[in-house]
Amino acid sequence: MNIRKIVTVVEEIRSEGGREVWPPARVAVVAAVIDNPWAGQGFVPDLTAGIDANASDLGALLSPLVLEALKAPAEAYGKAAIVGLDGEIEHGSALIHTLKFGDHFRKAANATTLLPAVEKRGPTGVAFDIPLKHITDASIRSHHQTVEVRVADAPHPGEIVVALAAAAQGRPQQRLAPLSTEQ
Amino acid sequence: MQDHPWLRKLVLYREAVLTEAGLAPAIPAERASVAAVISNPWLGTGPREDLSPAVSELAPRLAKLVTDRLLQALGGVERIEAFGKAALVGSAGEIEHGGALIHTPYFGNLVREFLGGESIICFADARTDAGQPLVVPLWHKSHAATRSHYQTVDVRIPDAPRADEIVVVAAASTGPRPHPRIGDRTTDPVITSQTLEGVLS
């Protein structure tokens, strides 16, 4: 696997809606820009070999980095695969939609739920929103949130950006009634 | 407790280049920027407003805030080799407001001191809508003419600056461009329009 760069973004929100957020709300993203393993091969019917060669390694690489960047236990998390214009969205999905990838993050974060995801194809510098949900109960409404990311010079047409996101809390100023109140 | 009531958020961006053009850099570098999104303290004031009281109050605290995080993100002052700064002003402000926060000694001298440099700090500024990217130039923190260290980092905050906000940025790099090979002042031949007569004719 050729990794071109590793990007870290950390947001620390101190105020929202004109009111203080204390302690500051933290959200971290770590993204790896890699060569699309299936670049230049035409339509590959069976993606298994490329998945086996990359997905677990990517999960193992990114999981500790995003938790280290967050500097706090994760309460919500999500993932992303942004495919350069020459690839298929299926290529990005292949890398992030297997347990081989996600289990590393679940284990590192003591999480149990499936990771919400964005997978899309776009030009170099495309902005993308990573959805995050609670790490043990995806129905916890306070923790539904997104973080927007952009790597100015990625993905190139033959690349994929694979990212993990983690939040140390729910939305700043979250104040919606829980799902249970409507059931 | 909220220590900076004018601060909405801080955003760290850091990138490590592992390969470029298919090859690992001889000297791998990390680049980072830290952006502070703050309320414009001069909102509603006119072009004759004296900016200096708010500058001396706010700019030093901003310098400390963003450089602390930059040092943390890049592993300390010894690792930092290049630096730059920037301001993005929301549409209700003047570009002069951004300049006031980054171009005076109350910010620049402190950023230079905290990052252990001697050079003038290169910069970019713009009045923009939220979510517009700005390319921030960096150069060597003590020898600005070091060509290998001319590089940029792209800063973009999706929801800032709002019209009444300013984004103040400090940026740094731990090394040169991935594969610097365009010489330096010490290796350049003498170039004038006369020596290039053949090329220009």
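The following paragraphs examine the structure supplied in this document. Along each chain, residue indices are assigned from 1 in the same order as the chain's sequence is written. Chain letters and ligand numbers both follow the written order, the letters beginning at A and the numbers at 1. Predicted model: local features are reported for residues with pLDDT of at least 70 only, side-chain atom pairs are reported and counted for 80 or more only, and whole-chain, interface and lining totals are derived from all residues. Hydrogens and water are ignored here; the side-chain numbers use all heavy atoms of the structure.

1. A short note on the packing of helix 1 (residues 48-70) of chain A against helix 3 (residues 99-108) of chain A
All names here are of chain A.
Consideration 1: Where helix 1 contacts helix 3, the axes come no closer than 7 Å and their chain directions differ by 25°. Our classification of the angle between helix 1 and helix 3 gives roughly parallel. Read as a crossing pair, helix 1 and helix 3 show a hand that is right-handed. Touching I51, D52, A55, S56, L58, G59, A60, L62, S63, V66 and L67 of helix 1 are K100, F101, H104, F105 and A108, all from helix 3.
Consideration 2: In this count, Pro and Cys sit with the nonpolar residues alongside Ala, Val, Leu, Ile, Met, Phe, Trp and Tyr, while Asp, Glu, Lys and Arg are called charged and the others, Gly among them, polar. For the contact of helix 1 with helix 3, a count of residues per class yields 10 nonpolar, 4 polar and 2 charged. Under this scheme, a helix contributes an axis fitted over its contacting stretch, all axes are lines through C-alpha atoms, and angles between N-to-C directions fall in the 0 to 180 degree range. Here a strand is any run of E in DSSP of at least two residues, a helix any run of H or I of at least four, and the numbering for each starts at the N terminus. Here the angle decides the label: under 35 degrees means roughly parallel, over 145 means roughly antiparallel, 65 to 115 means roughly perpendicular, and every other value means oblique. Helix crossings are classified by the rotation of the near helix relative to the far one: an anticlockwise turn of less than a right angle makes the crossing left-handed, while a clockwise turn makes it right-handed. We call two residues contacting when some pair of their heavy atoms lies within 4.5 Å.

2. Topic: the interface of chain B and chain A
Consideration 1: Tallying the contact residues gives 24 residues for chain B and 21 residues for chain A.
Consideration 2: The rule for a salt bridge is simple: a side-chain nitrogen of Lys or Arg has to be within 4 Å of a carboxyl oxygen of Asp or Glu. Where chain B packs against chain A, one counts 5 salt bridges.
Consideration 3: Ionic pairing is found between K5 of chain A and E15 of chain B, a salt bridge with its closest N-O pair at 2.7 Å.
Consideration 4: The definition of a polar contact used here is a pair of N or O atoms within 3.5 Å, where within protein one atom must be able to donate a hydrogen and the other to accept one, and adjacent residues in sequence count solely through side-chain atom pairs. Where chain B packs against chain A, one counts 15 residue pairs in polar contact (both at pLDDT 80 or more).

3. Here's the deal with empty space enclosed by the protein
Consideration 1: Think of a 1 Å grid over just the protein atoms. A cavity is a set of points where a 1.4 Å probe fits yet cannot get out, a pocket is an open set with protein on both sides within 12 Å along at least five of seven lines, and lining residues have an atom within 4 Å of a point. Grid points are joined across faces, edges and corners, and a volume is the space filled by probe spheres set on the points. Summed over all chains, the structure comprises 2 cavities of 30 Å³ or more.
Consideration 2: For the lining of the largest cavity, a count of residues per class yields 11 nonpolar, 1 polar and 5 charged.
Consideration 3: The calculated volume of the second largest cavity comes to roughly 40 Å³.
Consideration 4: Looking at side-chain class alone, the lining of the second largest cavity contains 7 nonpolar, no polar and 2 charged residues.

4. A look at the pattern of salt bridges
All names here are of chain A.
Consideration 1: Scanning the model with the defined rule gives 22 salt bridges over all chains in all.
Consideration 2: D52 is the salt-bridge partner of K100, the closest N and O atoms lying 3.1 Å from each other. Here K100, found in helix 3, pairs with D52, found in helix 1; they are 48 residues apart in sequence, far enough to count as distant.
Consideration 3: For every residue, the accessible area obtained with a 1.4 Å probe (protein chains only) is divided by the maximum for its type, and the residue is called buried under 20%, exposed over 50%, and partly exposed between those limits. Judged by relative accessible area, K100 falls into the partly exposed class, the value being 41%.

5. A few points about the nonpolar core
A general tendency of soluble globular proteins is for nonpolar side chains to be buried together.
Consideration 1: Buried Ala, Val, Leu, Ile, Met, Phe, Trp, Tyr and Cys residues form a nonpolar core when they are joined through side-chain atoms within 4.5 Å. Judged by nonpolar contacts, the single largest core of 73 residues is most densely connected at F105 of chain A together with I38, L62 and F107 of chain B.
Consideration 2: Not counting the four nearest positions on each side in its chain, I38 of chain B is found in contact with W6, L7, L58, L62, L101, D164, E165 and I166 of chain B.
Consideration 3: By size, the runner-up hydrophobic cluster in this structure holds 41 residues, among which are V33 and A163 of chain A together with V37 and A124 of chain B.

6. As for the environment of L101 of chain B
Residues and elements named next belong to chain B.
Consideration 1: Mapped onto the elements of the fold, L101 is located in helix 2 (residues 95-102).
Consideration 2: Among the residues examined, L101 registers a relative accessible area of 0% and is labelled buried.
Consideration 3: Considered as a pair, L101 and V167 are 66 residues apart in the sequence and their alpha carbons are 9.8 Å apart.
Consideration 4: Filtering out sequence-adjacent residues up to four positions away, L101 remains in contact with I38, W42, L58, A59, L62, F107, I166 and V168.

7. Description of the packing of aromatic side chains
Consideration 1: Ring pairs are drawn from Phe, Tyr and Trp, using the six-membered ring of Trp, whenever the two centres fall within 6.5 Å, and their geometry is named by plane angle: stacked under 30 degrees, edge-to-face over 60, tilted for the rest. Taken as a whole and judged by the stated rule, the model has 1 aromatic pair over all chains.
Consideration 2: With a centroid separation of 5.1 Å and 50° between ring planes, the pair formed by Y77 of chain A and F105 of chain A is classed as tilted. In this pair, Y77 of chain A is assigned in strand 3 (residues 76-83) and F105 of chain A in helix 3, connecting sequence segments 28 residues apart. For the pair shown, Y77 of chain A and F105 of chain A are each scored as buried.
Consideration 3: Counted as over-ring charges are cases with an Arg CZ or a Lys NZ within 6 Å of the ring centre that also lie within 35 degrees of the ring normal. Positioned over the ring face of F114 of chain B is K64 of chain B, at 5.9 Å from the centre of the ring.

8. Describing unusual backbone geometry
Residue and element names in this part refer to chain A.
Consideration 1: In this model, W22 is joined to P23 through a cis peptide bond whose omega is 0°.
Consideration 2: Of note, P23 is situated in strand 2 (residues 19-35).
Consideration 3: Look at K71: it is not a glycine, yet its phi comes out positive at around 55°.
Consideration 4: Mapping K71 onto the fold places it in the loop between helix 1 and strand 3.
Consideration 5: On the accessibility criterion, K71 (59% relative accessible area) is exposed.
Consideration 6: Positive phi, close to 65°, is recorded for Q173, a residue that is not glycine.

9. A closer look at the environment of I157 of chain B
Residues and elements named next belong to chain B.
Consideration 1: Its location among the elements puts I157 in the loop between strand 6 (151-155) and strand 7 (165-173).
Consideration 2: C-alpha of I157 to C-alpha of T128: the two residues are 29 residues apart in sequence and 11 Å apart in space.
Consideration 3: Apart from residues no more than four positions distant in its own chain, I157 is found in contact with K9, V11, A35, V37, A130, G131 and V167.

10. Brief notes about the side chain of H91 of chain A
Consideration 1: Looking at where H91 of chain A falls in the secondary structure, it is placed in helix 2 (residues 89-96).
Consideration 2: Accessibility expressed as a relative area gives 4% for H91 of chain A, which makes it buried.

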